Amino acid sequence: MDRNGEQMLGGLIAAHHLTPMDDLPALVVAYAGLAGFSHPLLYLADLQQQYLVPLPGQHAPDGSPPRRLRIDTTLAGRAYRGLYLVSSAKAGDPDPDEEAGPGEDGPRRWWLAMLDGTDRMGVLAVTAPRDDDDTRRRAHWLASLLAVVLVSKQTSSDTYATVVRDRPMDLSAEVLWSLLPAKTFATDQIVVSAALEPAYQVGGDAFDYALTRDRLNLAVFDAMGHDLTAGLTSAIAIGAFRNHRLRGDGLRAVGEAIDAAIAEQFARTQFATGILATLDMRTGALTWVNRGHPPPLLLRHGHVVAELAAEPGPPMGLRLLAGQDPAHYQLQPGDRLLCYTDGVVEAKDPDGHEFGLDRFVDFITRHEADQVSAPETLRRLVQALLQYQQGVLQDDATVMLVEWQPQAGAPMGPYAVTRRMPRMPSGS
């Protein structure tokens with residue numbers, strides 16, 4: 001590591017421990033300057049991933065307060081969507097819309113995605129003194145470290161939650177979002193991405209996943225209703241799913257435990273459907289239990305090759321006999337597993353026409369064929385669903401997309417969430 005980069009990163013690491021979220025922008029200005037960067041700005045993606053919202057207390061290069069930027073129509077959004085460094089043609093423009101051409105010299109405004117592992121948190125903007133490999137390397141280092149710093153402040157700061165929300169959140173949604181894992185996770189073998197809408201009024205939809213050695217555990221739930229009771233039902237389902245899988249119970253036993261937990265709390269007046277599954281990441285062997293839920297889909301080379309139908313058991317919470325054994329399917333490298341709730345396909349436009357399974361499958365497969373990353377595909381799907389229903393979903397809509405890509409000896413790194421790997425500077 002060069003001395004300028006070491007001073008910038010080392011200083012930030014040492015100073016951030018006692019720095020609250022609200023003072024972070026000033027800290028970044030001080031230490032980014034050691035590596036030659038000026039006018040750094042930190043933007044967080046809002047909960048629905050429509051805007052990049054600046055942290056408070058910052059100033060754009062022209063001294064004005066930075067405004068929020070649309071993810072779909074700005075250079076900052078392009079960096080967020082594509083996970084590669086975007087360089088603007090004008091270093092001093094607070095909201096540039098023209099990308100720099102090849103071979104242009106002088107200071108440039110750069111935009112870089114900030115990733116928590118592989119979960120897109122937002123975008124860092126900096127003015128770089130020059131465009132060369134060393135400077136690009138330092139910018140990527142800075143964006144990576146800032147993502148780690150933001151995560152460390154997230155749970156202890158109301159500022160973070162205030163920035164990413166643009167409206168009040170229902171209590172049910174507040175409960176569920178506090179339980180859900182990150183929307184995107186990846187290793188060198190697996191990519192998991194999920195989306196959940198309506199973000200501010202979640203009723204009973206939820207998802208969960210976790211890794212244990214070479215096994216991925218995952219679940220999607222859809223509880224009856226659209227109120228706090230539905231949210232609490234899904235919260236119980238997540239808790240029981242985690243509790244019993246950590247005890248080493250099999251999928252069938254886990255489903256029965258969820259069934260019993262919901263029934264005990266709600267006296268068989270509430271229920272949840274769900275898919276409970278495990279994936280052996282060494283072999284691609286998928287095992288799942290369907291408890292009254294829409295069957296998952298299997299995508300291969302941009303096409304749906306299988307609907308993973310199995311004899312469904314009853315919904316969980318009614319204490320009905322579930323004698324079905326887990327089902328099995330052998331994945332091939334590159335396969336994508338798609339789990340969803342009925343709110344996706346049953347979304348209706350103002351004329352009452354459903355979004356439908358065919359439209360849903362076509363949307364996913366088109367973006368799969370275009371090699372769009374899993375999280376970006378789901379972000380665009382959510383925007384399409386909201387547009388289809390003119391911004392208001394009548395039911396919760398949840399999608400989980402899991403890609404199995406065992407490529408031994410080919411580490412994918414933090415940019416694995418897209419197949420179009422960004423070109424990193426040499427030596428990074």
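Residues numbered from 1 in each chain as written. Predicted model: local features only at pLDDT ≥ 70, side-chain atom pairs only at ≥ 80, totals over all residues. Heavy atoms only, no water.

**Remarks on the overall build of the chain**
Reasoning step 1: Within the chain one finds 11 helices and 17 strands.
Reasoning step 2: Computed over its C-alpha atoms, the radius of gyration of the chain comes to 22 Å, within 12% of the 22 Å expected for a compact globule of 428 residues.
Reasoning step 3: Each principal axis of the C-alpha distribution contributes one length, and for the chain these read about 70 × 45 × 45 Å.
Reasoning step 4: Expressed as a percentage of its 428 residues, the buried residues of the chain come to 56%.
Reasoning step 5: The contacts in the chain between residues at least 6 apart in sequence include a share of 67% that link residues at least 24 apart.
Reasoning step 6: Accessible surface computed for the chain: about 18000 Å², of which carbon and sulfur atoms make up 50%.
Reasoning step 7: One finds the centroid of the 38 positive side-chain charges in the chain at a distance of 4 Å from the centroid of its 53 negative side-chain charges. (Helix = DSSP H or I, 4+ residues; strand = E, 2+ residues; numbered from the N terminus. Rg over C-alpha atoms; globule rule 2.2 N^0.38 Å. Buried < 20%, exposed > 50% of the residue type's maximum accessible area, 1.4 Å probe, protein only. Contact = heavy atoms within 4.5 Å. Areas by Shrake-Rupley, 256 points an atom, 1.4 Å probe, with all protein chains shown as cover. Lys, Arg positive; Asp, Glu negative; His and termini not counted. Charge placed at Lys NZ, Arg CZ, Asp CG, Glu CD.)

**Some remarks on the sheet that holds strand 4 (residues 86-87)**
Reasoning step 1: Taken in spatial order, the six strands line up as 3-2-1-6-5-4 in an open sheet, and their pairing is antiparallel. The sheet is open, and its two edges are formed by strand 3 (69-70) and strand 4, each paired on a single side.
Reasoning step 2: Direction of pairing for strand 2 (residues 51-54) relative to strand 3: antiparallel, over a ladder of two bridges. Note on strand 3: the bridge partner recorded for Tyr-51 is Arg-70.
Reasoning step 3: Where helix 4 (residues 133-154) meets the sheet, its contacts fall on strand 1 (38-45), strand 5 (108-116) and strand 6 (119-128), and the angle it forms with strand 5 comes to roughly 45 degrees. (Pairing = 2+ DSSP bridges. Axes fitted to C-alpha atoms, helices over the stretch in contact; angles between N-to-C directions.)

**A few points about helix 7 (residues 228-246)**
Reasoning step 1: For helix 7, built from 19 residues, the straight-helix expectation of 27 Å at 1.5 Å per residue is met to within 8% by its first-to-last C-alpha distance of 27 Å.
Reasoning step 2: For helix 7, the set of buried residues is Ala-230, Gly-231, Thr-233, Ser-234, Ala-235, Ala-237, Ile-238, Ala-240, Phe-241, His-244 and Arg-245.
Reasoning step 3: Contacts from the buried residues of helix 7 go to helix 6 (171-179), strand 9 (205-212), strand 10 (215-223), helix 8 (251-266) and strand 11 (272-280).
Reasoning step 4: For helix 7, the side-chain oxygen to backbone nitrogen distance between the N-cap and Thr-229 is 3.2 Å, and the N-cap itself is Asp-227.
Reasoning step 5: Of the residues one or two after helix 7, Gly-248 is the one with positive phi, at around 90 degrees. (Expected span 1.5 Å × (residues − 1). Polar contact = N/O pair within 3.5 Å; in protein donor to acceptor, adjacent residues only side chain to side chain.)

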